[in-house]
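Fold and geometry: a report
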Amino acid sequence: MSSIIQLLPDHVANQIAAGEVVQRPASAVKELMENSVDAGATEIKLIVKDAGKTLIQVIDNGKGMSVTDARLCFERHATSKIRNAEDLFSLHTKGFRGEALASIAAVAHVELKTRQEQDELGTHLVIEGSKFTHQDVAVLPRGTSFSIKNLFFNIPARRNFLKSDTVEFRHIVDEFERVAMAHANVSFMLYHNGSEMFNLPSGNMRQRIVNIFGGKTNEKLVPVNETTEIVTINGFVTKPEFAKKNRGEQFFFVNNRFIKSPYLHHAVMAAYEGLLKDGTQPAYYLYLDVPPNTIDINIHPTKTEIKFDDEHALYAILRSAIKHSLGQFNIAPVLDFDRDANLDTPYTYEGKEASMPTVEVDRNYNPFADDSPTGSNFGTGSSFGSSFASSGGGRSLGSGLAGKASGGGGSFGIPSYKKELQPSWESLYVGTSPTNEEIAEINFESEEVTGSLFNDSDIEETAVYKTYQIHKKYIVSPIKSGMVIIDQKRAHQRILYEQFLRNITVQQASSQQLLFPLVLYYTPAEMALIKDMRASLESTGFGFAEIYGDHVIVNGLPVNVAESEVSILLEELINDMQQEVPDSSFSLSDRIAKSMARSLAVKTGTQLTEKEQETMVNTLFACKEPGVSPFNKPTFITMSVEDLDKRFAL
């Protein structure tokens, strides 16, 4: 029997590995930027076109590669990061597998330009689908430039599975932010389709967070610092009042490597217990430094999952450190009703010693030095009062002399004053009381209604209610054949969806102008989405006075949107657009209408009046597709009288 097992060719093996390592353009961005960090670069520039589908270019000023290394780096399992198996437990670099560049070169057109500092000329390589097509020397600056063009050109199925440019670029921004936040001492720049998205100068941890997520982030941050033998924790958490419904800005870094850990996330949520509203999530940016030999990174190709030796201790330390930070900065409430917050010692003064207060005394000051009282000064009351008023001590002495003057009959020549009695308040109303004759002449309007604006025959008496609400969730309305049961939330979503879609595509919606415009702050990536959606949002009734680099000024709202709901509505809309909910096959207007309908629809548990119930029923059946919600879920069911008879076995 002939053997059937055979070795795969290298280009086939590289394509298989590319399926794990390079899942989308953002994966290539992550690998190239981490290589630049490992090369010791202080400036890294990322250039992207068409969300990475056309071009991904990473330029750095690192140490570069020699001619041999430039050719060898595209081979599988070729790396400069480790030498033997023991190095896996003492990793100080981002990469170590040696698979990324080989996988990228297998599914894209790659161009490499690199030069070391001591070399006069650099190396220029061109690879297409794992095949070297060009290699030459070139005059280049120090560092390395990787260009990836036409990603997945030889795997059409993988390219077709890519999402829209909006979603793919959001993933690229996520990877860019993760690498940039882990290395605040490195300068990063991001350009998309020729426009600058980020320009992050080198600085400290707090400056990097503020530069990425906007200037308003600075007032939200609460620092966290804890040092133990197991772990050193640094970073920031946000105040509870700034918690959001989505889990956008939540970052864990272990040894400057971004990771995902539901277990550590639970520790953070446990520290916020009792401080957050239901359904909200705090933002956090936490950096954990642990000994490299206590973690295992080599468990997933993306290296975002880590095994810890002692997870329980990390959980307890992280939870305690965050609770301590929230407490020491007076974020968490203190259940001490007799405590005066003004008497608390500031945290920064805790270790300082109290200094002895100094008292300064002017021993040469004499209030009686200028004008000493003589016999001639007591001639008139005015000279007496003025002399003692100027000396500063006239108040007590004057009162004593006044007492003597009142007792001795003015022997000092001081005139005596008699206090005049003020008239009482009753004197203000003398002569204003009406007489009995005047009261008799006043005519009062009768409180009894003697007439009606309408005749009794014009009033319709409706004693039968047409709709009923059950458990503040369903609306029941009788029909000829039985009854219809309507889900109020889904029905309202259908009504609002068709209303918003009609306003966007057919007619301009009415807008209510704000007396005081709202100023809302967003990240650069979110601002780019708002600019793309501006025309559609204005069609629904929103009004934007100005759109700046990190904030927008809203001066108009749709009629059915409350001012307090604007921030939540736009956050959910941006999140839906970034996640591409519901789907990429729909237009931008359709996605905006669906997202706004879901956010503004009446929630389950809301009590509706009879008029509101009737209006919802009538408006629902006036829609084009009343049977399903915008998310293809049924809005109502019908039950006939025959069905009820069967239930009762009649």
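Residues numbered from 1 in each chain as written. Predicted model: local features only at pLDDT ≥ 70, side-chain atom pairs only at ≥ 80, totals over all residues. Heavy atoms only, no water.

Overview of the sheet that holds strand 21 (residues 551-558)
With antiparallel pairing, three strands are arranged side by side in an open sheet as 19-21-20. Edge positions in the sheet fall to strand 19 (511-521) and strand 20 (543-547), since each has one partner strand and no second. Strand-to-strand twist of the sheet, defined as the mean angle between neighbouring strand axes without regard to direction, takes the value 15°. The sheet contact formed by strand 20 and strand 21 spans four bridges and is antiparallel. Paired with Glu546 across the two strands is Ile553, which belongs to strand 21. Its contacts with the sheet put helix 14 (residues 524-540) on strand 20 and strand 21, and the angle it makes with strand 20 is roughly 155°. (Pairing = 2+ DSSP bridges. Helix = DSSP H or I, 4+ residues; strand = E, 2+ residues; numbered from the N terminus. Axes fitted to C-alpha atoms, helices over the stretch in contact; angles between N-to-C directions. Contact = heavy atoms within 4.5 Å.)

What about unusual backbone geometry?
The backbone phi angle of Asn150 is positive, close to 55°, even though this residue is not glycine. Judged by its relative accessible area of 33%, Asn150 falls in the partly exposed class. The phi angle at Asn255 is positive, at roughly 55°, despite the residue not being glycine. Checked against the element boundaries, Asn255 lands in the loop between strand 11 (250-254) and strand 12 (258-259). (Buried < 20%, exposed > 50% of the residue type's maximum accessible area, 1.4 Å probe, protein only.)

Examining the sheet that holds strand 22 (residues 636-640)
Reading across from one edge, 16-17-18-22 is the order of the four strands in this open sheet, with antiparallel pairing throughout. The open sheet has two free edges, formed respectively by strand 16 (468-470) and strand 22, since each of these has just one partner strand. The sheet shows a mean angle of 25° between the axes of neighbouring strands, taken without regard to direction. Alignment of strand 17 (residues 474-479) against strand 18 (residues 482-487), held across six bridges, turns out to be antiparallel. By the bridge assignment, Pro478 is partnered in strand 18 with Met483. Along the sheet, helix 13 (residues 488-505) contacts strand 16, strand 17 and strand 18; its crossing angle with strand 18, the most-contacted strand, is approximately 75°. Its contacts with the sheet place helix 17 (residues 610-620) against strand 16, strand 17, strand 18 and strand 22, and it is angled at close to 70° to strand 17.

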